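# Residue-level structural notes
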Amino acid sequence: MRNYFKFDELGTNYKREILGGLTTFLSMAYILAVNPAMLSLKGVEGIPESMRMDAGAVFVATILASIVGCLFMGLIANYPIALAPGMGLNAFFAFTVVLTYGIPWQIGLTGVLFSGVIFALLTMSGLRETIINAIPFELKLAVSAGIGLFITFVGLKGSGIIAANPETLVTMGNIHDPHVLLAVAGILLTVILMARKVPGSIFIGMILTAIIGMVFGLIDPPKQIVGQIPSVEPTFGKAFEAFANPGQLFTWHFFVVVLTFLFIDFFDTAGTLVAVANQAGFVKDNKLPRAGRALFADSLATMTGAVFGTSTTTSYIESSAGVAVGARTGFASVVTAMCFALALFFSPLMSVVTSAVTAPALVIVGVLMVSSLNQIEWNRFEIAVPAFLTMIMMPLTYSIATGIACGFIFYPVTMIMAGRRKEIHPIMYVLFVVFVVYFAVVKH
């Protein structure tokens, strides 16, 4: 085992790897509660039940996709990087694909499956690097920041901290409502934990929020802690139903869904991989060994998740927490996979996960995702406009895809007008046309 994972070569041991794997799991365990709540549209009222995914099935699918991703990343790529259904991608699935576009979640899963297959093919062919390099660095940062704002808005709105208003569209919610106060308390506690650099702050913050809610009678205590594994039958294989009626797949909406899943997953994975690899000292001569294997882990996990019933799976930046305590090999990812497997038996605890409990996680993840905005050249107007529109249009239109489309349309225009035509990659012109046609054809 030590030889297989190259413990001696990488200067590590079992203790460091186990501790690293556990730390990474605790840092990202919030997804076990947030993902089922997000995809089942928990807290969203006035919609038919057919639009909601079964929370128990999504819980199991989330874990299975994470296990597959972590095991492949650990055993084949030998990196201490964990994977799970991505934040932002699940929000896009629930609030844009299902709520805004009105696409059945079954077709949405088909889109996830397609994006996973395409991502695998691009990874194996080497085209991934070409496409990634074609997208301007500033727009990549803006997309991440925009998703952060969108996720935060979803969390604040779902918990009642922000409410609808017929005159101003949105306003401050009823802060005298005990449930709203619970969400505020949860955010405050999580911020304190994050500021103190406590490992697993987001997960711990959710636990404390749930406990406070139960103490004050705002949340019903779980009837049991360990229970039977929920059935995955309600979502398993639903991604294949669309093939019985292929006409559902030949629409602009479906094309944009696949493109958006693919785009976000591209940069989420690449950015996380490079960031964690740099932290661990894996990058040599500006190259990352076994990069193809690491990227393939992402696509394999995404396809697995789509089949079982969850949104796109991606690499988690929380893996850096495990690296910080000493993880250097894929054995840490295997440990994280084992933790996910054990979590299968704790599904009854999901009953305490309300919108107030998930709000701290959504807000803090949003904060982390906008942290790279200082790298955008805001003093260059031709860069600032598309970056700003990409970022701001996501929460304002309640659509990640619309934000991406706006930024990608304005980028070539502003760059050409600024005399920087030669800096525009040909692929950006193709995406410009695609998104213009999208706005012209698609009815929102």
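Before reading on, note that the structure itself is shown above.
Residues numbered from 1 in each chain as written. Predicted model: local features only at pLDDT ≥ 70, side-chain atom pairs only at ≥ 80, totals over all residues. Heavy atoms only, no water.

## Considerations on empty space enclosed by the protein
Enumeration over the complete set of coordinates arrives at one cavity of 30 Å³ or more. Roughly 40 Å³ of internal volume is contained in the largest cavity. What lines the largest cavity is simply Gly20, Gly21, Thr24, Pro80, Ile81, Ala82, Gly322, Ala327, Ala332, Ser333 and Thr336. Going through the elements one at a time, helix H2 (14-28) and helix H14 (331-343) are the ones with two or more residues in the lining of the largest cavity. Class assignment for the residues of the lining of the largest cavity results in five nonpolar, six polar and no charged. (1 Å grid on protein atoms, 1.4 Å probe; cavity = no way out; pocket = protein on both sides within 12 Å on 5 of 7 lines; lining within 4 Å. Points joined across faces, edges and corners; volume = space filled by probe spheres on them. Helix = DSSP H or I, 4+ residues; strand = E, 2+ residues; numbered from the N terminus. Nonpolar A, V, L, I, M, F, W, Y, C, P; charged D, E, K, R; others polar.)

## Things to note about the packing of helix H5 (residues 89-100) against helix H6 (residues 105-125)
Between H5 and H6, the least distance of the axes is 10 Å, while the angle of their chain directions is 120 degrees. The angle between the axes of H5 and H6 places the two elements in the oblique class. Crossing angle aside, the handedness with which H5 passes H6 is right-handed. Contacts from Phe93, Val97 and Val98 of H5 reach H6 at Trp105, Gly108, Leu109 and Val112. Per-class residue counts for the contact of H5 with H6 are six nonpolar, one polar and no charged. (Axes fitted to C-alpha atoms, helices over the stretch in contact; angles between N-to-C directions. Parallel < 35°, antiparallel > 145°, perpendicular 65-115°, else oblique. Left-handed = near helix turned anticlockwise from the far one by under 90°. Contact = heavy atoms within 4.5 Å.)

## Considering the side chain of Ser66
Locating Ser66 in the fold gives a position in helix H4 (residues 55-77). Look at Ser66 and you get buried, because its relative accessible area is 0%. Excluding its chain neighbours within four sequence positions, the residues that come into contact with Ser66 are Leu83, Ala84, Pro85 and Phe340. (Buried < 20%, exposed > 50% of the residue type's maximum accessible area, 1.4 Å probe, protein only.)

## Focus: the packing of aromatic side chains
Enumeration over the complete set of coordinates arrives at 16 aromatic pairs. An angle of 75 degrees between the planes, with centres 6.4 Å apart, marks the rings of Phe95 and Phe150 as edge-to-face. One end of the pair, Phe95, is in helix H5; the other, Phe150, is in helix H8 (residues 137-158), with 55 residues separating them in the sequence. Across this residue pair, the class does not change: Phe95 and Phe150 are buried. Ring centres of Phe114 and Phe254 lie 5.5 Å apart, and the angle between their planes is 85 degrees; on these two criteria the pair is classed as edge-to-face. Here Phe254 lies in helix H11 (residues 252-280) and Phe114 lies in helix H6, a separation of 140 residues in the sequence. In this structure Phe114 comes out as partly exposed when scored by relative accessible area, which is 26%. (Phe/Tyr/Trp six-rings, centres within 6.5 Å; stacked < 30°, edge-to-face > 60°.)

## What about the pairing of strand E2 (residues 162-165)?
One ladder, built from four bridges, connects E2 with strand E3 (residues 169-172); its direction is antiparallel. Note that in E3 the partner of Ala164 across the bridge is Val170. Hairpin connection of E2 to E3: three residues between the antiparallel strands. (Pairing = 2+ DSSP bridges.)

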